[in-house]
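# Close look at the chain arrangement
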Amino acid sequence: MSAASCLLSEDQFLCSICLDVFTDPVSTPCGHNFCKNCISQHWDISERCQCPMCKKVFETRPELHIKTFISEMVSQFRREAQQKVSSSSEQQAAKPGEVPCDICTGTKLKALKSCLVCLVSYCQTHLEPHLTMKGLKRHQLIDPEENLESRMCMKHDKPLELFCKTDQTCVCMLCSVFDHKTHEFVPLREECKVKKAELGKTETEIQQMIQKRRLKIQEIKESVKMSKDAADREKAEGVQVFTALKESVDRRLNELIKEIEDKQETTKKQAEGFIKDLEQEISELMKRSSEVEQLSRSKDHLHLLQSSSSLKAAPTTKDWTEVSIHPPSYEGTVVRAVVRAVDQLKEIFSKDMKKLFDAELKRVQQYAVDVTLDPDTAHPYLILSDDGKQVHCGEEENDFPENPKRFSEELVVLGKQSLSSGRFYFEVQVKEKTEWALGVVRESVNRKQEIIPSPEKGYWTVGVYENICVALEDPEVHLLLQSYPDKVGVFVDYEEGLVTFYDVDRAVLVYSFTGCSFTGKLYPFFCPGVNDDDDDNSAPLIICPVNQSVKSFSMGNVDQSKFKPSQRRSPNNRTQQNAPDEDHKIRSEAAEQAEL
């Protein structure tokens, strides 16, 4: 019944009298259907009992009975009609930007699907035939598409169903026969699978790029946080040091003022005592003077003579001739106070600088890298240990293969590790050596000629020769150290343009190259120096593990024979030059004071 009712229209269930859907449908003997109440009322007011449709007259009024079959069909029709009305009311009108139904009249409802065959978009109600009718079920439905004409071939007015791999374009069936007949074709669905796979790969790459950039953002934020923490830490340390210095100066100033005021107070009290004694004597002398004056005015000769003998003896007075106030000498008070303040400042400065250098050394040690020597760069007279951690000068020239990276004129070997950004730190034992040089160099330095190292030539190095510790600037800077280090730490900050050398055991600064302009890669630099006649410089340079005690070195199977005296040369062919300039003096004195 349900299937049949789908083929019936509302007109088939209308009463011809009330023009509404049947209520209690009945049939006349002539076969026409009416509402029971409608036909009964019609016959009640008519003169003859006649069918309103065919006008057939009935001699006797027919007995009417409700038709159960028609009544059930009417009920089913009413339910389906109500469902359609309800469904239509639930659908929304198409909003701006949404695809409207092409069939709806009046208010355009939102389309649910578009048909590529009909080139029409349908709402839920008008889509029903494509879901139920056999012929329409074969049509290809897609999500609502506003411009369906774009899916049609402009030339043949046929759907674009194929993809031409030769021309990388969508074509219709006729295009494949006429315009692209020699080309390679695949169905759109197949090509879509390929494209989706490519898009999936692209999406993965994009997500990876996004993730990398998010990680970079996190890295930058972490760097900013580290920078802020370091800045706060440095400010706090600076405030602590300078507060201590200020408090010391203030304390010494107060002591100076008190010392001066105490001297002044002592002088004042002494003067007040003298003045009090003098005023007492003056009082007594004035009293005697009054008595003498009164007696001298007497006209009674007898009384004057008798009284003069009875006058009190003159009061005892002090000889004030040699008495005087000597103001205290303040000369030298300020100087002595300043000297004491400076001595105390030195003590405070030394302690605080020691703490600062200890903390600084611990911070830079976190950038430690595992440096090993590069045999391809070693001068032929240099002997390297098997683990690449030790180097010393041998007696004879090794038969090393020619290599553009090898130093042929200077007793130099570089580390394998390089730096082109960021920071790194390494430590080298120089104990028992009389000549050595350490630092970093540019990759581009000249390795085939004798040179005088300097930052301008790409060398940032510190060394010892002829019992002098120098920073190899131009001119070189003599470092006024209390004692030479046994272990040297080398720290490089590429972005800051900083190369700093530390005496690791004493945790003091040796020297810093600041404001450096780095370009390209930097490599660790090692020069063990030549062996002297007494074999005093035969000990090797040893790259040490950071924060670990260095075991005593044993030469083992390494050849310890002396370097030939005739071939001796000082590290890097340096000669003693002029005294350091004022800025270098300040840096050297600061290093010396820190060690003190």
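In this numbering scheme, every chain counts its residues from 1 along its sequence in written order. Local features in a predicted model are, by the rule used here, given only for residues with pLDDT of at least 70; side-chain atom pairs are given and counted only at 80 or more, and totals for whole chains, interfaces and linings are based on all residues. The side-chain numbers reported here are obtained from all heavy atoms of the structure, hydrogens and water having been left aside.

Three exposure classes are used, based on accessible area relative to the maximum for each residue type with a 1.4 Å probe and protein chains only: buried under 20%, partly exposed in between, and exposed over 50%. Elements are defined by DSSP. Helices are runs of H or I of four residues or more, strands are runs of E of two residues or more, and each kind is numbered from the N terminus. Most of strand S21 (residues 508-513) is tucked away: five of the six residues are buried. Pairing between two strands is assigned when DSSP locates at least 2 bridges connecting them. Sheet analysis places strand S20 (residues 498-503) next to S21, joined by five bridges and oriented antiparallel. If you follow Phe 501 over to S21, its bridge partner there is Tyr 511. Hairpin geometry of S20 and S21 is characterised by an intervening segment of four residues between the two adjacent antiparallel strands and by a positive phi of about 55 degrees at Ala 507.

With that out of the way, let us pick up a nonpolar patch on the surface. Together, Leu 174, Val 177 and Phe 178 make up a nonpolar patch on the protein surface, roughly 270 Å² of accessible area in all. Along the polypeptide, Phe 178 turns up in the loop between helix H6 (173-177) and strand S10 (185-187). Classification of Phe 178 by relative accessible area gives exposed; the value is 53%. Two joining distances apply to patches: 9 Å for like charges and 5 Å for nonpolar side chains (Val, Leu, Ile, Met, Phe, Trp, Tyr), and every residue must have over 30% relative accessible area and no salt bridge. In these tables, accessible area is a Shrake-Rupley quantity obtained with a 1.4 Å probe, and a residue counts as shielded only by the protein chains included in the view. The term salt bridge refers to a side-chain nitrogen of Lys or Arg lying within 4 Å of a carboxyl oxygen of Asp or Glu.

Mapped onto the secondary structure, Thr 500 falls in strand S20. Polar contact criterion, stated in full: a pair of N or O atoms within 3.5 Å, where within protein one must be able to donate a hydrogen and the other to accept it, and residues adjacent in sequence count only if both atoms are side-chain atoms. A polar contact is formed between the side chain of Thr 500 and the side chain of Ser 512, at a distance of 3.0 Å. If we ignore the near neighbours within four places in the chain, the residues touching Thr 500 are Gly 489, Val 490, Phe 491, Leu 509, Tyr 511 and Ser 512. Any two residues whose heavy atoms approach within 4.5 Å are treated as being in contact.

Once that is clear, we can look at the pairing of strand S16 (residues 459-465). Of all seven residues in S16, seven are buried, a share of seventy percent or more. Where burial is concerned, the two faces of S16 agree: the one with Tyr 459, Thr 461, Gly 463 and Tyr 465 and the one with Trp 460, Val 462 and Val 464 are both buried. Across four bridges, the pairing between S16 and strand S17 (residues 468-471) is antiparallel. Looking across to S17, one finds that Val 462 is bridged to Ala 471.

A few words now on the sheet that holds strand S6 (residues 120-122). Strand pairing in a sheet is mediated by backbone hydrogen bonds. Such pairs are either parallel or antiparallel. Reading across the sheet, the three strands line up as S6-S5-S7 and stay open at both edges, with antiparallel pairing between neighbours. Every other strand in the sheet has two partners, leaving S6 and strand S7 (141-142) as the edge strands with one partner each. Where strand S5 (residues 113-115) meets S6, three bridges bridge the pair, whose relative direction is antiparallel. Opposite Ser 114, over in S6, you have Ser 121 as the bridge partner. Contacts from helix H4 (residues 124-132) reach S5, S6 and S7 within the one sheet, and its direction differs from that of S6 by about 110 degrees. To obtain each axis, a line is fitted to C-alpha atoms, and for helices this fit is confined to the stretch in contact; angles are then taken between N-to-C directions over 0 to 180 degrees.

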